[in-house]
Amino acid sequence: IPGESKGIIWDENKLNVTELATASFGQSFNVSMIQMASAFCSVINGGYYYEPHVVREIKSPGGSVISKNRGNVVRQTITSQTSDYIRSCLRDTVEEGTATPAKVAGYDIGGKTGTGETRDKSGDGATSENDYIVSFMGFAPVDNPQVVIYVVIDRPHVEDQAHSTYATEFAHDIMKETFPFLGIYKSGVNNVETDEVTTNDAGTDNSE
């Protein structure tokens, strides 16, 4: 979106042995939260990458709708079958994996934790052994994603930082309040009016 950093992504022709090794488990990359959320949504909504936007509709002073953004599909990133499989894996991560603290009773939630070393303060490009960024990306309902939440905690103020629990517990508190507010209830039935949450052949508008 306008004004957003492009992040740091290695070109394929610049991936030497060291970069290839570190990139394989996530180091050497740096993306914004919007980039991460947009990519994540594409793998849970059936495989479609939507152009990110922050304005759903524009109204005139009288209240009539001038324009409405229902999502612009840019490309397909994975097959729908792969998307189904990933959603299943992400559900397992919350139900019995590293993200169990994110569970909210009565909701079918999927998600993934993240624990990353920060760069050393010396500026030589090395990673720090003491400072971590922990995160959690979650969504619900698993079978028909309507909302995604992304929590990032930069260097938690604790002695032992390398635990995603800090992010998953925080995400749990947010989701517990947010889901009912958005009309996503424990039954899994979405009670939001159709003009607020729309579904198309490519996925759900709220999963952009």
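Residues numbered from 1 in each chain as written. Predicted model: local features only at pLDDT ≥ 70, side-chain atom pairs only at ≥ 80, totals over all residues. Heavy atoms only, no water.

A. The overall build of the chain, seen in detail. Each helix and strand in the chain was counted, giving four helices and nine strands. Listing the helices and strands of the chain from first to last along the sequence gives α-α-β-β-β-β-α-β-β-β-α-β-β. Looking at the 208 residues of the chain, the share that counts as buried comes to 31%. Pairs at least 24 apart in sequence give 54% of the contacts found in the chain among residues at least 6 apart. Split by element, the accessible area of the chain, about 12500 Å² in all, is 52% carbon and sulfur. (Helix = DSSP H or I, 4+ residues; strand = E, 2+ residues; numbered from the N terminus. Buried < 20%, exposed > 50% of the residue type's maximum accessible area, 1.4 Å probe, protein only. Contact = heavy atoms within 4.5 Å. Areas by Shrake-Rupley, 256 points an atom, 1.4 Å probe, with all protein chains shown as cover.)

B. Quick peek at the nonpolar core. Residues Tyr107, Ile109, Phe136, Met175 and Phe179 are the most contacted members of the largest nonpolar core, which totals 17 residues. Listed by contribution, the elements that provide at least two residues to this core are strand 6 (127–140), strand 7 (147–154) and helix 4 (165–181). The greatest single-element share of this core, amounting to four residues, is contributed by helix 4. Listed in part, the seven residues of the second largest apolar core include Leu90, Met137, Phe139 and Val142. (Core = buried A, V, L, I, M, F, W, Y, C linked by side-chain atoms within 4.5 Å.)

C. Highlighting the layout of surface pockets. The calculated volume of the largest pocket comes to roughly 1200 Å³. Lining the largest pocket are 34 residues, and of these Gly26, Phe29, Asn30, Met36 and Gly116 lie nearest its centre. For the lining of the largest pocket, the secondary structure elements donating two or more residues are helix 2 (33–44), helix 3 (80–96), strand 5 (110–119), strand 6 and strand 7. The residue inventory of the lining of the largest pocket, partitioned by class, reads 17 nonpolar, 14 polar and three charged. (1 Å grid on protein atoms, 1.4 Å probe; cavity = no way out; pocket = protein on both sides within 12 Å on 5 of 7 lines; lining within 4 Å. Points joined across faces, edges and corners; volume = space filled by probe spheres on them. Nonpolar A, V, L, I, M, F, W, Y, C, P; charged D, E, K, R; others polar.)

D. Representation of helix 3. Here helix 3 is 17 residues long and its end C-alpha atoms lie 24 Å apart, about the 24 Å a rise of 1.5 Å per residue gives. Those residues of helix 3 not exposed but buried are Ser83, Arg87, Leu90, Thr93 and Val94. Looking straight down helix 3, one finds that the buried residues subtend no more than 115° of arc, so they occupy a single side. In helix 3, those exposed residues whose orientation departs by more than 90 degrees from the buried face are Gln81, Tyr85 and Glu96. (Expected span 1.5 Å × (residues − 1). Arc of directions from axis to C-beta.)

E. Broad picture of helix 2. Compared with the 16 Å implied by 1.5 Å per residue over 12 residues, the 17 Å span of helix 2 between its first and last C-alpha is a close match. Among all positions in helix 2, only Ala37, Ser38, Phe40, Cys41, Ser42 and Ile44 are buried. Phi turns positive, to about 110°, at Gly46, one or two residues after helix 2.

F. Structural context of the pattern of salt bridges. Under the criterion given, the structure shown has six salt bridges. The shortest N-O distance in the salt bridge between Arg155 and Asp154 comes to 2.8 Å. What makes Arg155 partly exposed here is its relative accessible area of 35%. Accessibility expressed as a relative area gives 41% for Asp154, which makes it partly exposed. A cluster of three or more residues bridged by salt bridges with shared partners is formed by Glu57, Lys59 and Lys68. (Salt bridge = Lys/Arg side-chain N within 4 Å of Asp/Glu carboxyl O.)

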